[in-house]
Amino acid sequence: MRKRQLLPPCALLWVLLVCSGLLPQTSAQAEESADLVLLIDGSENVGAANFPRVRDIALKVIEKLNVDREAIRVAVALYGADPEIKFYLNSHESKGSVQTAIQGLTFPGGDEANLGTALEEVVESLLSPDSGGRADEGVPQILVVISAGQSSDDISLGEQALRESNVYTFGVAIGETARSTMEAVASDSSFVVNAPDLTAVDSMADQLLPYINGVAQRHIVLHTQITQAIQVGNRDIIFLIDSTMGATSLNAVREFIRKFVDSMPIGPDQVQVGVAQFTTTPSLLFDLNTYNSKESMGDALARIRPKVAPSVKIGAALDFVRTNMLRSEKGSRIQEGIPQLMLLLTSKKSSDSVEQAATALQHMGVLTMATGSKAADQAELQRIAFDPTLVFMLKDFRMLQRQPKQIVSPLSTLSGVVITESPTEPVVEITTVQTQKVVRDIIFLVDGSDYVGNANLPFIKTFINGIVNRLDVRPERARIGLMQYSDKPKTEFYLNSHNNKQDVLAAISQLRLMGGRTLNTGAALANALDNNFKPLRRPGVQQVLVLITGGPSEDEKTAKRMADKLAVEGILTFAVGADQADGTFLTNVAFVPQLAYYENRFDSLPDVVERIFTPLITVVGDTEAVAPPAPPPGGERDVAFLIDGTDAVRADFPYIRDFIRKVIEPLDIGTDKVRISVVQHSERPTPSFYLNTYNTKDQVMTAVSNMNLAGGRSLNTGAALKFMKDTILSASHGSRAAQNVPQFLIVLTGGRSRDNVRDPAGDLKTTGVVPFGVGVKDADPKQIEDISHNPSFAFKVKEFSELDAVQAKLNQIVNLPKEDLVVVLEQVRTSDVKRDVVFLLDGSDGTRDGFRDLVDFIQRVVETLNVNENNDRVSVVQYSGDQETNFYLNTYSNKDDVLNAIRSLKHKGGKKSNIGAALTFVRHSIFTASSGSRRLKRVPQILVLISSTSSDDGIEGPAEALKDLDIQSISVGVGNANEHELEMTALMPNLVHKISEFSFLPLIEPELVAQLSISKDTMEATGELPESIVISNDFKRDIIFLLDGSDDSRSGLPAMREFIRRMTEKLDIDEDNTRIAVVQYSDDALPHFLLNTYATKKEVIYAVRSLRPKGGKEINTGAALQYVRDHVLTLSSGSRRHIGVPQVLIVLTGGVSSDDIVGPAADLRRLKVLTFAIGMKNALESELQKIAYSSRFLFDLPSFGELLSIQTDILSFVQSKMEIEPPTIVGKKCIYFHTSLSLSPQIPLVSNETVSSFDGKRSVSSKCPLCCKAVHRMDS
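Residues numbered from 1 in each chain as written. Predicted model: local features only at pLDDT ≥ 70, side-chain atom pairs only at ≥ 80, totals over all residues. Heavy atoms only, no water.

### Considering the overall build of the chain
Across its full length, the chain holds 41 helices and 38 strands. For the chain, the residues scored as buried account for 54% of the 1276 residues in total. When contacts within the chain are restricted to residue pairs at least 6 apart in sequence, those whose partners lie at least 24 apart make up 78%. Entry remark: accessible area of the chain is about 53,700 Å², with carbon and sulfur atoms responsible for 48%. (Helix = DSSP H or I, 4+ residues; strand = E, 2+ residues; numbered from the N terminus. Buried < 20%, exposed > 50% of the residue type's maximum accessible area, 1.4 Å probe, protein only. Contact = heavy atoms within 4.5 Å. Areas by Shrake-Rupley, 256 points an atom, 1.4 Å probe, with all protein chains shown as cover.)

The structure is reproduced here in structure tokens:
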């Protein structure tokens, strides 16, 4: 018999809180909740004759338990050769239905009893959230195994899975042979009840019940120790957490860290822990020295909260840890040789580069580990981790709690630091970057004294290499020299010593510091001027000195005098200092104070590369020795500035003026050259001057210098953008767009716009204007990106004093020659776009004659794409009765190969047309990573379906499944194609195209090509979702739950109550953020509480728990909607609709309304109230469609018990960033539309008051969004 160990070093610790040493006593008053799985032996060990006795054990156990959806849930499985699941935890809601299901169990039979396989199946399939498991909610999970013999297979993996999942496992052993197996499986040998044979099983249920109730009532508690009982050495551990992984995963991570902390000897002289979170920006939760006890740290961990963001920047987060957390004042003991460990936990691939940041951490000696899930990139994590074996890829972060040892072990035992030894022969790493066409002579003058020391030399080399790698090093372009100094200077190599980048980098790698405690900076500057710059000067070429120092200069006066002499000679001096360098000295030595850079630590120097590089290659010395850059040929351009003129920027307005002056300083301003306009805006735009107001640079510079702040309380940037398009950038005010002169718009704001910026910005871009967005302080990054020509033209800085870096980048683009500008804009456009496009073609017999037209059409569409591995990928599939893949998304990596493959397409043939099966095929076989799909990397997935006849199979389910994967389907119908099927397949109605024959395909080509470039978000913004929903960092919203409280829905109230409670738990509730109201209705409506009744989450949850059925025979949903509109969405009831806070109404109903709902529902829609219609039991889908804001806001469920299954979907929308703008009412304007009219946004309008007339034919209905858009443009 195997002996069970209760307290192994790395396993389970059981605590039985039993009164007076007895088994726990049950209490009717105690809270009872548990997930109970009964696993019953169905093999010949039991036998057909005895199976009813075994079944009775299960029935007797259930009889005495509080079985209910909110209390104890039950699942049952049988095992023999294979496990057989009979029902899941969420299959039945009442004790009676569970008992009926158990009574219906029949004996499966079989010689094998593979218990090990069955145990694994229990963990995988019966205890998960999808099956009704509630482990994530803290509900204990119980397994009762009823066995009558030994297992036929190995049970060790199943036993381990149960233990790692924290399952309470009990055994019912019938016969001596089963006893040893049950003791091995059970969580403890005392958790096994025995009977000598099947005739003595009657009392077994009574023996089990105290255990099950003890777990359900929390008298029996399972504690999992997540680390071995070993002595843990001193260490500093930082957890770096991706905040976007979702609430469930984040809860698992939080619990993992909490258990880890509980297992560690926490204290300033033992183990210290710090935590940071990140999205695109990092944030600190607490430092290594913030908390010295487990208790205080545990409380702080509760502040880990999920955040919504489409991407993450891991590189920036790693830099944040290095520069902000691994410091002695923040508790790091790296200088004492204490091991420094960091564990990264992420669910996404980084949107920024991680290599440099990871290398810098490793150079410091940090032992980095990485754990990834979902869309995390394993290869990227391996580049981050100290060693590839320290990367852990998990299916789900909940596995952290089930299998913690693999991560806890290295966190607890790894020690030492990374030692980087210099190789005997220097290894030169050439980084491939986009080099700049710069003509400059640059000498680096490096402090070689003990103030720097050998420990910091790698950071200086990395800094220099970072600059050199970006330059085109050769005699006619950039030349590089290197010097070092302490008491005396030394030239390592001259400007003409090396003729290429590789030789320069090799020479830099050989740099060895000279040492010394004295720094004579002045003498070194003199030597650089006389022996390095003057003898090797090139006429008209700017010379640059980059001083890098770590200590105070002994000859400060000489250094200042020599710095002035360098400036007179036209040499630009940049001063970079760290550690003990004097900041004031750096600014005195630099050519201008802005060219001085100071960092506290040398390991931060690599970060300076980004900040210093642009001025390093663009700033010029104001001397005759250097000729000013000539304006580019064809340098005519119109440059307009739209700047923040609100009171909020009053203190920073001098910075704004200075920013404008610096941008226009290099420009050749004149009537026939560059024209400038400046407009301030707040609630409304205020022009300072137009493009044709001034004719010379002096006039413009004077006007900018004399500008005063216009003032205002808020920003309406959208309205200002429209003003710029209609007024400032018009011919009457000096714009030369009609003469093909480039049009630039530079938008600078310090706050978030109250109105929608996306549409007016889009209108500007379509007219050829190139907008740049510059956001400072409280500006919304998403709005800045929406304004900009493309994401790389959007800039965000924290303070107005940091605008210099932006100004330099703007100068580079604005001052480009026209032909280069065209190339840059095209490169940006094409390089930014990534799409996976799948053509699903009708290959049945009916398309044989038109197939060449179809092939030519696809070929022309593909010609417009940027096909390569990193941008657009293409696949073609044909279907008839079955499917045939012509090529996958990863078959070809360039456009020529794809086009050749399309030209070679052969018609498939076949009598049937199974569109449903074809849609399922592309979902499972084409839109997958193995076939080249980048869906998991958030690359847009586009399906173009071309069909010519009705489908011979059902398509509704497959079409919905594609939409669930966020696949953007476009439907093209030819000839006899079924319009209803086309609409069902397409993501949105305006993505349906219908023509009568294949030869007409060119007619829809322009619109289809345009739709390939429209993102799903944009489609939703201009389609089903209101146009006034805009992105915002403001998470304010008012949410009203309207519940059916009638007699017929009484049984559903617990499920509705739990739905609201769970929603509330996840929301940020207080007066300034999310407000909640709950209203019940039947014959009439009755508020349970209003939006301003409770101000805290705790109060709301308490009120929700007290919710009781209202009662009533009638269901007057229309009157209830009207009640919400008149009495809840009001200022006196706490609604903030009048200030643009989103209003969300969630209607939960279980029956058919007795009154009219159309009018009240339409009123709410006009008020921009986003109404979800959730129907259960006897609700009618047709009524739900009338209530819901759109079809995507409709949920039709079979029972109240299914309500929690959609809670995540509802919550995801409610937690998304949004804002509803109050509607703007204008004069009556409409358009006549007719089937023969070609819809165009350029339709001339001659009247302010017209009558709307929309052709209602199905062939026109797909164009309706375009009609609405045209009307919207007229209104605006």
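### Here's the deal with the confidence of the model for the chain
As a note on interpretation, predicted positions should not be read in detail where pLDDT is low. Here the chain averages 81 in pLDDT, and 85% of its residues register 70 or above. Ranking the elements of the chain by mean pLDDT puts helix 40 (residues 1258-1261) last with 35 and strand 28 (residues 872-879) first with 96. Scored below 50 in pLDDT, residues 1-30 makes 59 contacts in the model with residues more than four places away or belonging to other chains. The low-confidence segment residues 1219-1276 (pLDDT under 50) makes 78 contacts with residues lying over four places distant or belonging to another chain. (pLDDT = per-residue confidence, 0-100.)

### Focus on the packing of aromatic side chains
Under the counting rule described, the total for this entry stands at 14 aromatic pairs. Residues Phe-170 and Tyr-211 carry aromatic rings whose centres are separated by 5.5 Å and whose planes lie at 45° to one another, so their mutual orientation is tilted. Taken together, the residues Phe-170 in strand 6 (residues 168-174) and Tyr-211 in helix 6 (residues 204-216) connect sequence positions 41 residues apart. Assigned by exposure class, Phe-170 and Tyr-211 land together as buried. Relative to Phe-1059, the ring of Phe-1041 lies with its centre 6.3 Å away and its plane at 85°, an arrangement referred to as edge-to-face. You can see Phe-1041 sitting in strand 33 (residues 1037-1044) and its partner Phe-1059 sitting in helix 34 (residues 1053-1066), a full 18 residues away along the chain. Overall, the relative accessible area of 0% leaves Phe-1059 in the buried class. Over the aromatic face of Phe-613 sits the side chain of Arg-470, whose NZ or CZ is 5.5 Å from the ring centroid. (Phe/Tyr/Trp six-rings, centres within 6.5 Å; stacked < 30°, edge-to-face > 60°. Lys NZ or Arg CZ within 6 Å of the ring centre and 35° of its normal.)

### Describing the packing of helix 7 (residues 247-263) against helix 8 (residues 294-301)
Two numbers describe a pair of packed helices, the interaxial angle and the distance between the axes. With their axes 10 Å apart at the nearest point, helix 7 and helix 8 run at an angle of 175° to one another. As summarised for this structure, helix 7 and helix 8 are arranged roughly antiparallel, according to the angle between their axes. Of the residues in helix 8, those touching helix 7 at Arg-254, Ile-257, Arg-258, Val-261 and Asp-262 are Lys-294, Met-297 and Leu-301. Of the residues in the contact of helix 7 with helix 8, the class split is four nonpolar, no polar and four charged. (Axes fitted to C-alpha atoms, helices over the stretch in contact; angles between N-to-C directions. Parallel < 35°, antiparallel > 145°, perpendicular 65-115°, else oblique. Nonpolar A, V, L, I, M, F, W, Y, C, P; charged D, E, K, R; others polar.)

### Focus: the sheet that holds strand 33
Taking strand neighbours across the sheet as the criterion, the six strands line up as 35-34-33-36-37-38 in an open arrangement whose pairing is mixed. At either margin of the open sheet sits one strand with a lone partner, and together these are strand 35 (1085-1089) and strand 38 (1194-1196). For this sheet the average axis-to-axis angle between neighbouring strands, irrespective of direction, equals 20°. In terms of strand pairing, strand 36 (residues 1143-1149) meets strand 37 (residues 1170-1175) through six bridges, oriented parallel. Bridge pairing in strand 37 places Val-1147 opposite Ala-1173. Where helix 34 meets the sheet, it contacts strand 33, strand 34 (1074-1081), strand 36 and strand 37, and its direction lies at approximately 170° from that of strand 33. Along the sheet, helix 39 (residues 1207-1215) makes contact with strand 33, strand 36, strand 37 and strand 38, crossing strand 37 at roughly 175°. (Pairing = 2+ DSSP bridges.)

### A word on the sheet that holds strand 25 (residues 769-776)
Overall, mixed pairing links the six strands, which are arranged 23-22-21-24-25-26 in an open sheet. What marks the edges here is a single partner per strand, and that holds for strand 23 (685-689) and strand 26 (794-797). The sheet shows a mean angle of 20° between the axes of neighbouring strands, direction not considered. Sheet analysis places strand 21 (residues 637-644) next to strand 22 (residues 674-681), joined by eight bridges and oriented parallel. Each bridged residue has a counterpart across the sheet, and for Arg-637 the counterpart in strand 22 is Val-674.

### Considering the environment of Gly-331
With respect to the helices and strands, Gly-331 occurs in the loop between helix 9 (314-325) and strand 12 (340-346). A C-alpha to C-alpha distance of 5.0 Å links Gly-331 and Leu-288, two positions 43 residues apart in sequence.

### Examining the environment of Thr-920
As for its position among the elements, Thr-920 is in helix 29 (residues 915-926). For Thr-920, a relative accessible area of 30% translates into the label partly exposed. Put simply, Thr-920 and Ile-955 are 35 residues apart on the chain and 8.9 Å apart in space, counted from C-alpha to C-alpha.

### Structural notes on helix 25 (residues 803-814)
With twelve residues, helix 25 extends 16 Å from end C-alpha to end C-alpha; this agrees with the ideal 16 Å at 1.5 Å per step. Along helix 25, the residues that are buried comprise Leu-803, Val-806, Gln-807, Ala-808, Leu-810, Asn-811, Ile-813 and Val-814. (Expected span 1.5 Å × (residues − 1).)

### Considering the pattern of salt bridges
Scanning the model with the defined rule gives 52 salt bridges in all. In this structure, the salt-bridge partner of Arg-179 is Glu-183, at a minimum N-O distance of 3.4 Å. Here Glu-183 and Arg-179 lie together in helix 5 (residues 176-185), a separation of four residues that amounts to about one turn. Since its relative accessible area comes to 29%, Arg-179 is described here as partly exposed. (Salt bridge = Lys/Arg side-chain N within 4 Å of Asp/Glu carboxyl O.)

### Concerning helix 7
Compared with the 24 Å implied by 1.5 Å per residue over 17 residues, the 24 Å span of helix 7 between its first and last C-alpha is a close match. Ser-249, Leu-250, Ala-252, Val-253, Arg-254, Phe-256, Ile-257, Lys-259, Phe-260 and Val-261 are the residues of helix 7 that are buried.

### Section: the packing of helix 34 against helix 35 (residues 1097-1105)
Between helix 34 and helix 35, whose axes approach to 9 Å, the crossing angle comes to 175°. Taken together, the axis directions place helix 34 and helix 35 in an arrangement best described as roughly antiparallel. Packed against helix 34, whose contacting residues are Arg-1057, Ile-1060, Arg-1061, Thr-1064 and Glu-1065, the element helix 35 presents Lys-1097, Val-1100, Ile-1101, Val-1104 and Arg-1105 at the interface. For the contact of helix 34 with helix 35, the class distribution of residues is four nonpolar, one polar and five charged.

### Let's talk about the pairing of strand 23
Pairing of strand 22 with strand 23, which is carried by four bridges, proceeds in the antiparallel orientation. When the bridges of strand 23 are listed, Gln-680 appears paired with Thr-686. Joining the antiparallel neighbours strand 22 and strand 23 is a turn of three residues.

### Quick notes on the nonpolar core
Counting 106 residues, the largest nonpolar core has Phe-239 and Phe-463 as the members making the most contacts within it. When near neighbours in sequence (up to four residues on either side) are disregarded, Phe-239 contacts Phe-256, Ile-257, Phe-260, Val-273, Gly-274, Val-275, Ala-276, Leu-343, Leu-345 and Leu-411. Ala-77, Leu-126, Phe-191 and Leu-208 belong to the second largest nonpolar core, which has 70 residues in total. (Core = buried A, V, L, I, M, F, W, Y, C linked by side-chain atoms within 4.5 Å.)

### With respect to the pairing of strand 15 (residues 440-447)
Of all eight residues in strand 15, eight are buried, a share of seventy percent or more. Here strand 15 shows two buried faces, one formed by Arg-440, Ile-442, Phe-444 and Val-446 and the other by Asp-441, Ile-443, Leu-445 and Asp-447. Bridge count between strand 15 and strand 18 (residues 542-549): seven bridges; the pairing is parallel. Considered in strand 18, the bridge of Val-446 is made with Ile-548. Here strand 15 pairs with strand 16 (residues 479-485) via seven bridges, running parallel.

### Concerning the side chain of Ser-1133
Take Ser-1133: it is sitting in the loop between helix 36 (1117-1128) and strand 36. Leaving out residues up to four positions away in the same chain, Ser-1133 has contacts with Leu-1090, Leu-1091, Asn-1092, His-1127 and Val-1128.

### Considering the environment of Ala-731
Within the element layout of this structure, Ala-731 appears in the loop between helix 22 (717-728) and strand 24 (743-749). Taking the relative accessible area as the measure of exposure, Ala-731 reaches 66% and is therefore exposed. Ala-731 sits 39 residues away from Asn-692 along the chain, and the two C-alpha atoms are 9.6 Å apart.

### Section: unusual backbone geometry
Despite not being glycine, Asn-166 has its phi angle at roughly 60°, a positive value. Here Asn-166 shows up in the loop between helix 4 (156-164) and strand 6. By relative accessible area, Asn-166 is classed as buried at 18%. Its identity as a non-glycine residue notwithstanding, Asp-579 has a phi of 60°, on the positive side.

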